[in-house]
Amino acid sequence: MEGIDLRDRSVIELGAGTGLLGIVVTLLGARVTITDRAAALEFLESNVQANLPPELRPRAVVKELTWGKDLDNFPPGAFDFVLGADIVYLEETFAELLQTLEHLCSEQTVILLSCRIRYERDLKFLKMLRDRFSVYEVHYDSSKDVHIYKAQRGSCKDDF
């Protein structure tokens, strides 16, 4: 996988947890919306404040997002990239996650998901994703058993 220039790109991170991915992407020049459920926001916001220099903090917005709910709070198709790290593990959230991805993505949006395939249900999610998006595995780290998938509406053959 080639490098990606994130300068001034619009990025949303789903299920951010500690916010590490969103913080790194902000440091790489993107405008980032870092999201998670309400219970995680206080910790997430404190991590963003503690780990971004003051001049970059305006480029990172922490916002509540429960998949499938209140999607009108996010402009449809407004993001260049949708990122998710280890967010595919609860089968009961798969339909809402897919609904959220469909809302957030335009034809040009690139989804990058990193995950471990631990159970059959994880493969079920990938099948559900492939029913709605073109999906390609772009990297596999065998030492950590982590897959990175790129998904887009239509064809994913173009570079980032």
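Residues numbered from 1 in each chain as written. Predicted model: local features only at pLDDT ≥ 70, side-chain atom pairs only at ≥ 80, totals over all residues. Heavy atoms only, no water.

Draft legend 1. Unusual backbone geometry, seen in detail. Phi angles above zero are rare outside glycine, and D86 is one such case at about 55°. By the element assignment, D86 lies in the loop between strand 4 (81–85) and helix 3 (94–104). Although it is not a glycine, D145 adopts a positive phi angle of roughly 55°. Within the element layout of this structure, D145 appears in the loop between strand 6 (134–141) and strand 7 (146–152). (Helix = DSSP H or I, 4+ residues; strand = E, 2+ residues; numbered from the N terminus.)

Draft legend 2. Fine view of the side chain of T33. Within the secondary structure, T33 is located in strand 2 (residues 31–36). In this structure T33 comes out as buried when scored by relative accessible area, which is 15%. Beyond its immediate stretch of four places on either side in the chain, T33 contacts V11, I12, E13, V61, K63, F74 and F79. (Buried < 20%, exposed > 50% of the residue type's maximum accessible area, 1.4 Å probe, protein only. Contact = heavy atoms within 4.5 Å.)

Draft legend 3. Examining the packing of aromatic side chains more closely. This structure, assessed with the given rule, holds one aromatic pair. Taking the ring centre of F74 as reference, the NZ or CZ of K63 above it sits at 4.5 Å. (Phe/Tyr/Trp six-rings, centres within 6.5 Å; stacked < 30°, edge-to-face > 60°. Lys NZ or Arg CZ within 6 Å of the ring centre and 35° of its normal.)

Draft legend 4. Expanded view of the sheet that holds strand 5 (residues 110–115). The sheet built from seven strands is open, its strands ordered 3-2-1-4-5-7-6 with mixed pairing. The sheet is open, and its two borders are formed by strand 3 (60–64) and strand 6, each paired with just one other strand. Within this sheet the neighbouring strands show an average axis-to-axis angle of 20°, counted without direction. Note that strand 5 and strand 7 share five bridges and pair antiparallel. Note on strand 7: the bridge partner recorded for L113 is Y149. Of the strands in this sheet, strand 1 (10–14), strand 2, strand 3 and strand 4 are in contact with helix 1 (residues 20–27), which crosses strand 2 at around 175°. (Pairing = 2+ DSSP bridges. Axes fitted to C-alpha atoms, helices over the stretch in contact; angles between N-to-C directions.)

Draft legend 5. Here's a closer look at the pattern of salt bridges. Summed over all chains, the structure comprises five salt bridges. Taking the shortest distance from any N to any O, the salt bridge between R9 and D80 comes out at 3.5 Å. Separated by 71 residues along the polypeptide, R9 in the segment before strand 1 and D80 in the loop between strand 3 and strand 4 bring together distant segments of the chain. When its relative accessible area of 24% is taken as the criterion, R9 is described as partly exposed. Here D80 falls in the partly exposed class, since its relative accessible area comes to 26%. Between D131 and K127 there is a salt bridge, with its nearest N and O atoms 3.4 Å apart. With D131 and K127 both in helix 4 (residues 120–132), this residue pair falls four residues apart, about one helical turn. (Salt bridge = Lys/Arg side-chain N within 4 Å of Asp/Glu carboxyl O.)

Interpretation note: all reported values are geometric properties and have no functional meaning in isolation.
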